[in-house]
Amino acid sequence: ASGDALASSPQALASAIRIVQEAARNRPDWPDFMGRILSPGARMLGIGQALGNYRIVGKLGHGAMGVVYEAELPASGARVALKVIHKDLARNHEVVTRFLNEARAVHQIGNPHVVDVSDFGQTDEGEHFMVMEVLAGESLADRLEREKRLDVATALHLGAQLADGLAAAHAAGV
């Protein structure tokens, strides 16, 4: 699964885009900054490293705000997706507030078409994280890249799932 498949909701994606756009406007060194955090040399957690109570199993994806890892809770063996904000962004109070608000909001939705957020917080080292269910499969973008077009029945089925998730988000006040 890619990081795109882990997008918690259209609202979360829109929120992340707004944060990145705002950061780009407020930060004259934005291109250099993004180059540092997205470069191969950027600090990444390695397989076997711990973050809070979780042990990193692998990397699922990355984006402008952070990295999504597959992790394991050693006590139970449960697998989760662990979203961690880039350290440079974690110094921005507004970014951290939005990240935590997103986690709280998504946690309240409770719909099979919206990823479940089970935990979120900050480690003793100051890293902000969100724990989500691991989703299997491919993103819609990957599927469209592969198939180019969806047949009507498939498009309607996917659209109905999206609409159900959006309706649940709106009903939860997100």
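In the block above lies the structure referred to throughout.
Overview of the structure. (Residues numbered from 1 in each chain as written. Predicted model: local features only at pLDDT ≥ 70, side-chain atom pairs only at ≥ 80, totals over all residues. Heavy atoms only, no water.)

1. Concerning the overall build of the protein chain
Turning to step 1, where the next piece is worked out: Summing up its helical and strand segments, the protein chain has 6 helices and 6 strands in all.
Turning to step 2, where the next piece is worked out: In sequence order, the secondary structure elements of the protein chain are arranged as α-α-β-β-β-β-α-α-β-β-α-α.
Turning to step 3, where the next piece is worked out: Counting all 174 residues of the protein chain, 37% fall into the buried class.
Turning to step 4, where the next piece is worked out: Surface exposure of the protein chain reaches about 9,800 Å², of which carbon and sulfur atoms provide 54%. (Helix = DSSP H or I, 4+ residues; strand = E, 2+ residues; numbered from the N terminus. Buried < 20%, exposed > 50% of the residue type's maximum accessible area, 1.4 Å probe, protein only. Areas by Shrake-Rupley, 256 points an atom, 1.4 Å probe, with all protein chains shown as cover.)

2. Points about the environment of K148
Turning to step 1, where the next piece is worked out: Mapped onto the fold, K148 is located in the loop between α5 (140-147) and α6 (152-171).
Turning to step 2, where the next piece is worked out: Classification of K148 as exposed rests on a relative accessible area of 59%.
Turning to step 3, where the next piece is worked out: Side-chain polar atoms of K148 contact the backbone oxygen of E145, separated by 2.7 Å. (Polar contact = N/O pair within 3.5 Å; in protein donor to acceptor, adjacent residues only side chain to side chain.)

3. Some details on the pairing of strand β2 (residues 54-62)
Turning to step 1, where the next piece is worked out: Where strand β1 (residues 50-51) lies against β2, 2 bridges are found, and the strand directions are antiparallel. Directly across from L51, in β2, lies its bridge partner Y54.
Turning to step 2, where the next piece is worked out: Between the antiparallel neighbours β1 and β2 lie 2 residues, among them G52 with a positive phi of about 60 degrees.
Turning to step 3, where the next piece is worked out: Across 6 bridges, β2 lies against strand β3 (residues 66-73) in antiparallel orientation. For I56, the partnering residue across the bridge sits in β3 and is A71.
Turning to step 4, where the next piece is worked out: Linking β2 to β3, which pair antiparallel, is a turn of 3 residues. (Pairing = 2+ DSSP bridges.)

4. A word on the environment of R104
Turning to step 1, where the next piece is worked out: If you trace the backbone, R104 turns up in helix α4 (residues 93-109).
Turning to step 2, where the next piece is worked out: When the C-alpha atoms of R104 and V174 are compared, they prove to be 9.9 Å apart, with 70 residues separating the residues in sequence.

5. Some words on the pattern of salt bridges
Turning to step 1, where the next piece is worked out: Summed over the entire model, instances satisfying the criterion amount to 9 salt bridges.
Turning to step 2, where the next piece is worked out: Put simply, E138 and R146 hold a salt bridge, and the shortest N to O gap is 2.3 Å.
Turning to step 3, where the next piece is worked out: A relative accessible area of 51% means that R146 is categorised as exposed.
Turning to step 4, where the next piece is worked out: Counted as one network, the salt bridges with shared partners bring together R55, E70, E72 and R79. (Salt bridge = Lys/Arg side-chain N within 4 Å of Asp/Glu carboxyl O.)

6. Considerations on the nonpolar core
Turning to step 1, where the next piece is worked out: One finds V117, M130 and M132 to be the most contacted residues of the largest nonpolar core, which totals 21 residues.
Turning to step 2, where the next piece is worked out: Elements supplying a minimum of two residues to this core: β4 (78-85), α3 (87-90), α4, β6 (128-132) and α6.
Turning to step 3, where the next piece is worked out: By residue number, the principal contributor to this core is α4, which donates 7 residues. (Core = buried A, V, L, I, M, F, W, Y, C linked by side-chain atoms within 4.5 Å.)

7. With respect to α4
Turning to step 1, where the next piece is worked out: Taking 1.5 Å per residue as the helical rise, α4 with its 17 residues ought to reach 24 Å, and the 25 Å between its terminal C-alpha atoms agrees with that figure.
Turning to step 2, where the next piece is worked out: When we look at burial in α4, the residues that qualify are V95, V96, F99, L100, E102, A103, A105, V106 and I109.
Turning to step 3, where the next piece is worked out: Backbone nitrogen of E94 and a side-chain oxygen of the N-cap are separated by 2.9 Å at the start of α4; the cap is N92. (Expected span 1.5 Å × (residues − 1).)

Treat this as a map of the structure, not an account of what it does.
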